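This is what each chain is made of:
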Number of protein chains: 2
Amino acid sequence: MTKLRGRRPTIDDVATEAGVSRGTVSRVLNGSHWVSETARIQVEKAIKSTGYRINPHARSLATSRTGSVGFLLTESYERFFSDPNFLHILRSCADALAEHGMTLVLIMADTLEERRRATEYLTGGHVDGALVVSAHRDGQEFMAALLEARLPVISAGIPLGFEEQVGYVTADDDGGARAILELLLARGRTRIAHIAGPQDTSGGTGRLAAFRTVLGDDFSDERVVYGDYSRESGARAMRELLAREVSFDAIFAGNDLMAAGAMDVLEEAGIQVPDDVAVVGFDDAPAACETVPQLTTVRQPFDRVSEEMVRLLVDEINGRPAGRVVIPTEIVERGTV
Amino acid sequence: MTKLRGRRPTIDDVATEAGVSRGTVSRVLNGSHWVSETARIQVEKAIKSTGYRINPHARSLATSRTGSVGFLLTESYERFFSDPNFLHILRSCADALAEHGMTLVLIMADTLEERRRATEYLTGGHVDGALVVSAHRDGQEFMAALLEARLPVISAGIPLGFEEQVGYVTADDDGGARAILELLLARGRTRIAHIAGPQDTSGGTGRLAAFRTVLGDDFSDERVVYGDYSRESGARAMRELLAREVSFDAIFAGNDLMAAGAMDVLEEAGIQVPDDVAVVGFDDAPAACETVPQLTTVRQPFDRVSEEMVRLLVDEINGRPAGRVVIPTEIVERGTV
DNA sequence: GCGCGCACTGAGAGCGCTCCTAGTCCATAC
DNA sequence: GTATGGACTAGGAGCGCTCTCAGTGCGCGC
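Residues numbered from 1 in each chain as written. Chains lettered and ligands numbered in written order. Predicted model: local features only at pLDDT ≥ 70, side-chain atom pairs only at ≥ 80, totals over all residues. Heavy atoms only, no water.

**Quick notes on helix α11 (residues 231-244) of chain A**
Because each turn of an α-helix spans 3.6 residues, side chains separated by three or four positions in sequence point in the same direction.
Residues and elements named next belong to chain A.
Part 1 of the argument: Here α11 is 14 residues long and its end C-alpha atoms lie 20 Å apart, about the 20 Å a rise of 1.5 Å per residue gives.
Part 2 of the argument: Along α11, the positions that sit buried rather than exposed are Ser233, Gly234, Ala235, Ala237, Met238 and Leu241.
Part 3 of the argument: Elements that come into contact with the buried residues of α11 comprise β6 (192-196), β7 (224-226), β8 (250-253) and α12 (256-268).
Part 4 of the argument: Note on α11: the residue one or two positions beyond its end, Glu245, has a positive phi of about 60°. (Helix = DSSP H or I, 4+ residues; strand = E, 2+ residues; numbered from the N terminus. Expected span 1.5 Å × (residues − 1). Buried < 20%, exposed > 50% of the residue type's maximum accessible area, 1.4 Å probe, protein only. Contact = heavy atoms within 4.5 Å.)

Right under this line is the structure:
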């Protein structure tokens, strides 16, 4: 209203306009108590009339809070963008953060140079904390750097090698795998094979471990093949299994994409699903509904995972100790068992 | 070295340590002249010994520069992640920005709520400028808000409706389309059909316009069908064209994905490529190498596009007027002509 | 009528930088 | 010896917030 020629209005302008002090405006801005009704109304009016917007850097400088958190991704771009799980988590984390008035900054750290820059950025004070969604162990190599900088970090999935030092949220790999295997057994499948996920991920090792436990004496290395969670790797694994000429009447794939790949190969080979062989996956990814018949699988509730991750991170940013949360999974029966 | 118990070292700590003043440290930090060799060495030593890291918010407050730019995306998540062009641009923009010491902040603004938040964020002083990569016109609706906030903006592709007010970088749709059509004509194809891209994108309209011009009197609405750049839409368009029972001996698809979709349908229909019908695309996306035979297409040099976008944006941030750049395309001959 | 405490407000002191200006120092010119 | 100017430096004045704390005013109980 007054002599702020071209300049962006500051909190002082608002204060002057409203006839109160800076402090009062700040209190209104931050929803603090101890502000009279009349003062609040005046300030709100002044904010509107001046077109005042808070200056995030001044606030950050004063509070040493940035209001944004890094979403750190150490997968390759291609893998990230081809795996709908990542996308799902990204999206729901962004939403959950927005609920807390925080912004997600996506940070891709695939190449070495990118990782260097990412570490620099994250530990340089640009963010209040980080969500790390790197499945693979090697992606976690620089977790140490983040920890050393005392940056609050929450991991999606168990951060192999940092279980003790980093809070995390994970779906119940063990419980989910047990449940779906019990289902298979209950339906009379006795010779179950496993297409295991990468063993440098907690999902990969956890589900394999559960497989081993449930099968007990029936467990045999011959019926385990490995993939990398991609559809192609599922197909490859399936071919390998067929080539081994071990008998099996069910496939437990480490995720849905690999299950779908396996089903492609089974179809080529003229093997009927579920009549000859039952197939189950993990995740309940979109791919689970695109197979014929649709895939029976274990749902990972990514929305809840994301929500919890954000909750834990906010806790840790506020100085409360990091938690560890395991989210229960749920079996989704469709047509492949 | 001294009494900074737990506190992060500041520029003053460095100054004390180096036995110089704050001003000198700042000059060293910003690569300014007028610093003696000895002073510089002392400061660098002190920076190392104190473990000093610049505080980005203090700097931002003082300079009113943030060092980060928004990469604004108004496509749906799914479309974005399934179109490799976007991925390519994202990646090379991030690289190009890093060269300038700037960080890319990915901002997805698909839903209405997200767009509101994105506008808020972008105009709130969090970024120095924005790269807008929204192909579709409706995605540009809130360009007006950015412009009003005087935020430097550069668009990838011609920003329909804002051609005059916003700088942009685009591949040469007209030249590329003409060139590939001339190639088709030179090879004796006379009845060329066009699977046009969405008409609310500059690529879609530009390539269609070139098609119309090159064909001249031979142009016929009957030989134009529309898609949305997705593979499925290319297949759909191809089916429609077949259903129309117009004769054609070549297909010019608005992009490679649609070309691939069209080829799927042609194969189903038992039509040989290129013997019966030639097919050409646009982009030189990965999909172009996955068709059989591989696709003859027009390469869009996305690396150069990204580089130029960043260059223009940096220019505009520094107060130099926004430019408009058209990047020449190049024909890639493979096996479908 | 006085004191007390509750509700609310104002303003100074930072937060950690950069920018600017006045200044110092020293070699050279006269 | 003094003036001149180039090379370099110190430190004050912001940038626009939040936090803290000392006030102020007023109703209420005794």
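**A closer look at the side chain of Thr296 of chain B**
Residue and element names in this part refer to chain B.
Part 1 of the argument: Locating Thr296 in the fold gives a position in the loop between β9 (278-280) and β10 (297-299).
Part 2 of the argument: For Thr296, a relative accessible area of 0% puts it in the buried group.
Part 3 of the argument: With sequence-adjacent residues up to four places away left out, Thr296 is seen in contact with Ile180, Leu183, Val279, Val280, Gly281, Val332, Glu333, Arg334, Gly335, Thr336 and Val337.

**A look at the UniProt feature "domain: HTH lacI-type" (unreviewed entry) in chain A**
Part 1 of the argument: Per the UniProt record, "domain: HTH lacI-type" (unreviewed entry) is found at residues 9-63 of chain A.
Part 2 of the argument: Within the segment residues 9-63 of chain A, helix and strand shares are 69% and 0% respectively, and the terminal C-alpha atoms sit 20 Å apart. (UniProt positions renumbered as here; feature names shortened; annotations may be inferred.)

**Let's talk about the interface of chain A and chain B**
Part 1 of the argument: Contacts between chain A and chain B engage 33 residues on the former and 33 residues on the latter.
Part 2 of the argument: Each partner contributes to the roughly 2800 Å² buried at the junction of chain A and chain B, and carbon and sulfur atoms together form 58% of this total.
Part 3 of the argument: Counting the surface chain A buries against chain B, the share from its top three residues, His57, Phe81 and Arg91 of chain A, is 24%.
Part 4 of the argument: Viewed at the interface, chain B and chain A are joined by eight salt bridges.
Part 5 of the argument: A salt bridge links Asp95 of chain A to Arg117 of chain B, with the shortest nitrogen-to-oxygen separation between them at 3.7 Å.
Part 6 of the argument: At the junction of chain A with chain B, the criterion picks out eight residue pairs in polar contact (both at pLDDT 80 or more).
Part 7 of the argument: When contributions to the side of chain A that touches chain B are tallied by element, the ones reaching two or more residues are α4 (56-63), α5 (77-82), α6 (84-99), β2 (103-108) and α7 (112-123) of chain A. (Buried area = accessible area lost by both parts, 1.4 Å probe. Salt bridge = Lys/Arg side-chain N within 4 Å of Asp/Glu carboxyl O. Polar contact = N/O pair within 3.5 Å; in protein donor to acceptor, adjacent residues only side chain to side chain.)

**Observations concerning the domain arrangement of chain A**
Part 1 of the argument: What the domain assignment reports for chain A is domain 1 (11-54), domain 2 (68-171 + 302-329) and domain 3 (173-299).
Part 2 of the argument: Placing the centre of domain 1 of chain A and that of domain 3 of chain A at their C-alpha centroids yields a distance of 61 Å. (Domains from an automatic or database assignment.)

**Points about the protein's contact with DNA strand C**
Part 1 of the argument: Around DNA strand C lies a shell of 26 residues, among which Ser21 and Ser36 of chain A together with Ile11, Ser26 and Tyr52 of chain B are the nearest.
Part 2 of the argument: Interatomic distance of 3.4 Å between a backbone N/O atom of Asn55 of chain B and a phosphate oxygen of DNA strand C.
Part 3 of the argument: At 3.4 Å, a backbone N or O of Ala58 of chain B approaches a base nitrogen of DNA strand C.
Part 4 of the argument: Mapped onto the surface near DNA strand C, the elements with two or more residues apiece are α2 (22-29) and α4 of chain A together with α2 (22-29) and α4 (56-63) of chain B.
Part 5 of the argument: Looking at which element gives the most residues to the surface near DNA strand C, the answer is α4 of chain B, with five residues.
Part 6 of the argument: Here the surface near DNA strand C is built from residues that sort into 12 nonpolar, nine polar and five charged. (Near = heavy atom within 4 Å. Nonpolar A, V, L, I, M, F, W, Y, C, P; charged D, E, K, R; others polar.)

**Section: the pairing of strand β3 (residues 129-132) of chain B**
Residues and elements named next belong to chain B.
Part 1 of the argument: Residues of β3 alternate between two faces, with Gly129 and Leu131 on one and Ala130 and Val132 on the opposite face, all of them buried.
Part 2 of the argument: Of the pairings in the sheet, the one linking strand β1 (residues 68-73) to β3 comprises four bridges and is parallel in character. If you follow Leu72 over to β3, its bridge partner there is Val132.
Part 3 of the argument: Pairing of β3 with strand β4 (residues 153-156) involves three bridges; the strand directions are parallel. Residue pairing for β4: Leu131 is matched across the bridge by Ile154. (Pairing = 2+ DSSP bridges.)

**Quick word on the sheet that holds β2 of chain A**
Across a sheet, paired strands are connected by hydrogen bonds in the backbone, their directions being either parallel or antiparallel.
Residues and elements named next belong to chain A.
Part 1 of the argument: Reading across from one edge, β2-β1-β3-β4-β5-β11 is the order of the six strands in this open sheet, with parallel pairing throughout. Here the strands that pair on one side only, and so sit at the sheet edges, are β2 and β11 (324-327). Here the average twist between neighbouring strands, direction ignored, is 20°. (Axes fitted to C-alpha atoms, helices over the stretch in contact; angles between N-to-C directions.)

**A word on the protein's contact with DNA strand D**
Part 1 of the argument: Around DNA strand D, the surrounding shell holds 26 residues, and the nearest of these are Ile11 and Ser26 of chain A together with Ser21, Arg22 and Ser36 of chain B.
Part 2 of the argument: Within the side chain of Asn30 of chain A, one N or O atom sits 3.1 Å away from a phosphate oxygen of DNA strand D.
Part 3 of the argument: Of all the secondary-structure elements, those providing two or more residues to the surface near DNA strand D are α2 and α4 of chain A together with α2 and α4 of chain B.
Part 4 of the argument: With five residues, α4 of chain A is the largest single contributor of residues to the surface near DNA strand D.
Part 5 of the argument: Of the residues that constitute the surface near DNA strand D, the class distribution is 12 nonpolar, nine polar and five charged.

**A look at the nonpolar core**
Part 1 of the argument: Phe71, Phe81 and Leu131 of chain A together with Phe71, Phe81 and Leu131 of chain B are the most contacted members of the largest nonpolar core, which totals 64 residues.
Part 2 of the argument: For Phe81 of chain A, the residues in contact, after removing those within four places along its chain, are Met108 of chain A together with Phe80, Phe81, Leu87 and Leu90 of chain B.
Part 3 of the argument: Listed in part, the 34 residues of the second largest apolar core include Leu72 and Tyr121 of chain A together with Val127 and Val166 of chain B. (Core = buried A, V, L, I, M, F, W, Y, C linked by side-chain atoms within 4.5 Å.)

**Overview of the relation of the copies chain A and chain B**
Part 1 of the argument: Its rotation angle being 180°, the transformation that places chain A on chain B also includes 0.0 Å of axial translation and leaves an RMSD of 0.1 Å. Read as a symmetry element, the transformation amounts to a two-fold axis.
Part 2 of the argument: A high fraction, 100%, of the interface residues of chain A reappear at the interface in chain B, so the copies pair face to face through one surface. (Least-squares fit on C-alpha atoms with pLDDT ≥ 70 in both.)

**Side note on the sheet that holds β6 of chain A**
Residues and elements named next belong to chain A.
Part 1 of the argument: Here four strands make up an open sheet; going across it, the order is β7-β6-β8-β9 and the pairing parallel. Each of the sheet's edge strands pairs with one partner strand only, and the pair in question is β7 and β9 (278-280). Across this sheet, the average inter-strand angle for adjacent strands is 15°, counted without regard to direction.
Part 2 of the argument: As paired strands, β6 and β8 are joined by four bridges and run parallel to one another. Within β8, the position partnered with His194 by the bridge is Phe252.

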